[in-house]
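The chain contents come next:
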Amino acid sequence: MKKSSHENCAEIVGRLADYSVGKTSTRLRRKIEDHIASCPNCSRELEVLIRTATLIEENIPADAPDLWNAIASRLQTKPTHLKTASPILWLARHKLHSVATGVVVLITLGALIFSNTQKAPEIGSSTYFSHHATMSLAEPFADKAALGLLSLIESKQE
Amino acid sequence: MRKIIVCALIFTIFAAPKSVLAAMSAREIVERAYASEKNATFQGVMLTSVLVNSKLVSAKVKVYRSHGKTRMEYLTGPAAGTVIIENNNSVITIPAKETPQGTYLQYKASNHLDQLLENYTPKLAGSQSIASRNCYVIKLEPRFSGNPTSKIWVDKGNYVILKIDRYASNGKLVSLSQYANIDFSARPPDSLFSVPANTGKLSARKSLEEVHKEVGFMPLKPKYTPKGYSFEGYYTKAMPCGLSFVALKYVNGLNTISVFESKCPCRGAPCVSKGHGRRIGKCGGRVPGACMLADRPQARMFCSKVGDIAIVVVGDAPTSELVKIIESLK
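Keep in mind that what you see is a predicted model, and the values were worked out from it rather than measured.

Below, the discussion takes up the overall build of chain B. Along the backbone of chain B there are four helices and 19 strands. The burial tally for chain B puts 49% of its 330 residues in the buried class. Sequence-distant contacts, at least 24 apart, represent 49% of the contacts inside chain B between residues at least 6 apart. For chain B, the exposed surface amounts to about 15,600 Å²; the carbon and sulfur share of it is 55%.

Written as structure tokens, this is what we have:
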């Protein structure tokens, strides 16, 4: 059964980042190219990805021979450069994922800050001493008046 | 030679019973005092003092007693206005005015006299007048060292205890209470001992199943208890966060050791791990496996953690004994 255009777009957009850096298989590359040819939305998405990657490349300082040497060295040692792509490139390629991740991080941080500012009920040593004194009070030959007073003093400190 | 043996025998027959009689008398006085706790009827005014932060805090207390029921009205001091009623195996605390609901502790009626006499030796220490009445002075000396002791003044006429001095395990006097005046002809009405309707039932002796259901975990029971102590029961109490802790009560007839267990959801609860808020207080001293959180004249408090259960042990016993209790839970 043939997938609808919308379903195809979702699948193709998810693969565009890989396609833009040549990571896809021949079969998938043909499929993406066929789709892009007939889909202006996905075509625009691909353009944005390529432009972002270009901008990042242009902004890398030219007078950084060490950096270039390092990149060149890594490219040579690992032809499948996609696996060693920098986080910035990864973010550029996975725009939707990046936004979603950011939102999740913000919500988590917010929840943590909020929970820390919420005052949990207090329970201190006086609670235990007070209860201990009350339990002791029930014993025969206990100094009931003194233990009662002690329990009350401790419970006031709770 | 025969004469010497006969003389020795005569001396033994006449001298020995005197010491036996004295020991028995003290024991008998204690037994009668124990019985009078349940039978006596009177009213009087008592002066009580407890050691709090190295200072004596005192209060004048009006006491009503009728057949085992007691009502104590605190007339002066930091608890002025508060009433404590002991009735039908329950201790009910009714605060002055600031809180509408009092506290309630329901315990099991048990005879601890045998245990008391097993763990303490009563010794007659003379006679003295208290509230214009002649009293026996009895010292309760512990058979096992490291336990607190008491001195009681027992009315020679009706065996009611008119004065109690309590000494901590280190020998320091930590509380004293005595009647300033007492009226044995008074007949306090039953209404004085009734429990107000709005009193919450906050703590009660419960079965293991009930405790498990309430606190949400199976309480740990120490494999070690100091000599002379026995398990009295489980008690639960609601914490401010809505959950409950369980208290395991151990007694030796005169002294109590409490083992509190909780899942520490409250701030300030004795959680040892991170992420559960701060501890009860600064660790006052570390011993292997436990941390001393408080050292009061009447008891010391140690805490530790077993799995996700926070343990607090409170009692007046040597540090080594309290820590052994904690260690035996692990």
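Once the structure has been displayed, the description carries forward.
Moving on: the overall build of chain A. Along chain A, the regular secondary structure elements total eight helices and zero strands. Its helices and strands taken in sequence order, chain A reads α-α-α-α-α-α-α-α from the N to the C terminus. The buried share among the 158 residues of chain A stands at 34%. Excluding contacts between residues fewer than 6 apart, the proportion of contacts in chain A whose partners are at least 24 apart in sequence is 49%. Working note: accessible area of chain A is about 10,100 Å², and carbon and sulfur atoms make up 60% of it.

To continue, consider the packing of aromatic side chains. Overall, the coordinates contain nine aromatic pairs over all chains when judged by the stated rule. When the centroid spacing of 4.9 Å and the interplanar angle of 65° are considered together, the rings of Phe 231 of chain B and Tyr 234 of chain B count as edge-to-face. Since its relative accessible area comes to 9%, Tyr 234 of chain B is described here as buried. Chaining the aromatic ring pairs together yields one cluster made of Tyr 128 of chain A together with Phe 245 and Phe 260 of chain B. Residue placement shows Lys 156 of chain B over the ring face of Tyr 136 of chain B; its charged tip is 5.2 Å from the ring centre.

This next bit is on the pairing of strand E14 (residues 244-251) of chain B. Residues and elements named next belong to chain B. Counting buried positions along E14 gives eight out of eight residues, so the element sits mostly inside the fold. Burial of E14 is two-sided: the residues Ser 244, Val 246, Leu 248 and Tyr 250 facing one way and the residues Phe 245, Ala 247, Lys 249 and Val 251 facing the other way are all buried. Counting the residues between successive antiparallel strands, the hairpin from E14 to strand E15 (residues 256-262) contains four residues, one of them, Gly 253, with a positive phi of roughly 100°.

Our focus in this paragraph is the interface of chain B and chain A. Between chain B and chain A, the residue contacts involve 65 residues of the former and 34 residues of the latter. Across the pair Lys 249 of chain B and Glu 139 of chain A runs a salt bridge, and its minimum N-O distance is 2.8 Å. Taken together, the links from chain B to chain A amount to 12 residue pairs in polar contact (both at pLDDT 80 or more).

A separate point is a nonpolar patch on the surface. A contiguous nonpolar patch, built from Val 99, Val 103 and Ile 107 of chain A and spanning about 280 Å² of accessible area, is present on the exposed surface. Considering the arrangement of structural elements, one finds Val 103 of chain A in helix H6 (residues 95-117).

In a pair of packed helices, the angle between the axes and the distance between the axes together describe the arrangement. Residues and elements named next belong to chain A. Orientation of helix H7 (residues 125-137) relative to helix H8 (residues 144-157), taken along the N-to-C sense of each, is 160°, at an axis distance of 8 Å. By the angle between their axes, H7 is roughly antiparallel relative to H8. The two elements H7 and H8 cross, and the hand of that crossing is left-handed. Contact residues: H7 offers Ser 126, Phe 129, Ser 130, Ala 133, Thr 134, Ser 136 and Leu 137, while H8 offers Lys 144, Leu 147, Gly 148, Ser 151, Glu 154, Ser 155 and Gln 157. Residue composition of the contact of H7 with H8, by class: four nonpolar, eight polar and two charged.

The biggest cluster of nonpolar side chains holds 33 residues, and the ones touching the most others in it are Tyr 74 and Leu 162 of chain B. Those elements giving two or more residues to this core turn out to be H7 and H8 of chain A together with strand E1 (41-52), strand E2 (55-66), strand E3 (69-74), strand E8 (133-142) and strand E11 (173-183) of chain B.

Moving on, we come to the side chain of Ser 258 of chain B. Turning to its location among the elements, Ser 258 of chain B is positioned in strand E15. At 2.6 Å, the side chain of Ser 258 of chain B forms a polar contact with the side chain of His 132 of chain A. When sequence neighbours within four positions are dropped, the list of residues in contact with Ser 258 of chain B reads His 132 and Met 135 of chain A together with Leu 248, Val 312, Val 313 and Val 314 of chain B.

Residue and element names in this part refer to chain B. Per-residue pLDDT for chain B has a mean of 83; in total, 78% of the residues score no lower than 70. The model gives residues 16-21 a pLDDT under 50, and that stretch makes two contacts with residues more than four places away or in other chains. Long-range and interchain partners of residues 271-280, a stretch whose pLDDT sits below 50, account for 27 contacts in this model, where long-range means more than four residues apart. Here the predicted complex scores 0.68 on pTM and 0.84 on ipTM.

Turning next to the pattern of salt bridges. Opposite charge on two side chains permits them to pair, given that their charged atoms come into close proximity. Evaluation of the coordinates by the stated rule reveals 17 salt bridges over all chains. The salt bridge involving Lys 31 of chain A is made with Glu 11 of chain A; its shortest N-O contact spans 2.9 Å. On the criterion of sequence distance, the pair formed by Lys 31 of chain A in helix H2 (residues 26-38) and Glu 11 of chain A in helix H1 (residues 5-20) is long-range, its members being 20 residues apart. Looking at Lys 31 of chain A, the relative accessible area reads 38%, which means it is partly exposed. For the salt bridge of Lys 123 of chain B with Glu 141 of chain B, the shortest nitrogen-to-oxygen distance reads 3.1 Å. With Lys 123 of chain B in strand E7 (residues 120-130) and Glu 141 of chain B in strand E8, this pair connects stretches of sequence that are 18 residues apart.

All names here are of chain A. Taking 1.5 Å as the rise per residue, H2 with 13 residues should run 18 Å; its terminal C-alpha atoms sit 19 Å apart, in good agreement. Taken as a whole, H2 has its buried residues at Leu 28, Ile 32, His 35 and Ile 36. One face of H2 carries all of its buried residues, which in axial projection span an arc of 100°. Turned more than 90 degrees away from the buried face of H2 sit Arg 27, Arg 30, Asp 34, Ala 37 and Ser 38, all of them exposed.

Rules used in this analysis
Residues numbered from 1 in each chain as written. Chains lettered and ligands numbered in written order. Predicted model: local features only at pLDDT ≥ 70, side-chain atom pairs only at ≥ 80, totals over all residues. Heavy atoms only, no water. Helix = DSSP H or I, 4+ residues; strand = E, 2+ residues; numbered from the N terminus. Buried < 20%, exposed > 50% of the residue type's maximum accessible area, 1.4 Å probe, protein only. Contact = heavy atoms within 4.5 Å. Areas by Shrake-Rupley, 256 points an atom, 1.4 Å probe, with all protein chains shown as cover. Phe/Tyr/Trp six-rings, centres within 6.5 Å; stacked < 30°, edge-to-face > 60°. Lys NZ or Arg CZ within 6 Å of the ring centre and 35° of its normal. Pairing = 2+ DSSP bridges. Salt bridge = Lys/Arg side-chain N within 4 Å of Asp/Glu carboxyl O. Polar contact = N/O pair within 3.5 Å; in protein donor to acceptor, adjacent residues only side chain to side chain. Patch = residues over 30% accessible without salt bridge, like charges linked within 9 Å, V, L, I, M, F, W, Y side chains within 5 Å. Axes fitted to C-alpha atoms, helices over the stretch in contact; angles between N-to-C directions. Parallel < 35°, antiparallel > 145°, perpendicular 65-115°, else oblique. Left-handed = near helix turned anticlockwise from the far one by under 90°. Nonpolar A, V, L, I, M, F, W, Y, C, P; charged D, E, K, R; others polar. Core = buried A, V, L, I, M, F, W, Y, C linked by side-chain atoms within 4.5 Å. pLDDT = per-residue confidence, 0-100. Expected span 1.5 Å × (residues − 1). Arc of directions from axis to C-beta.

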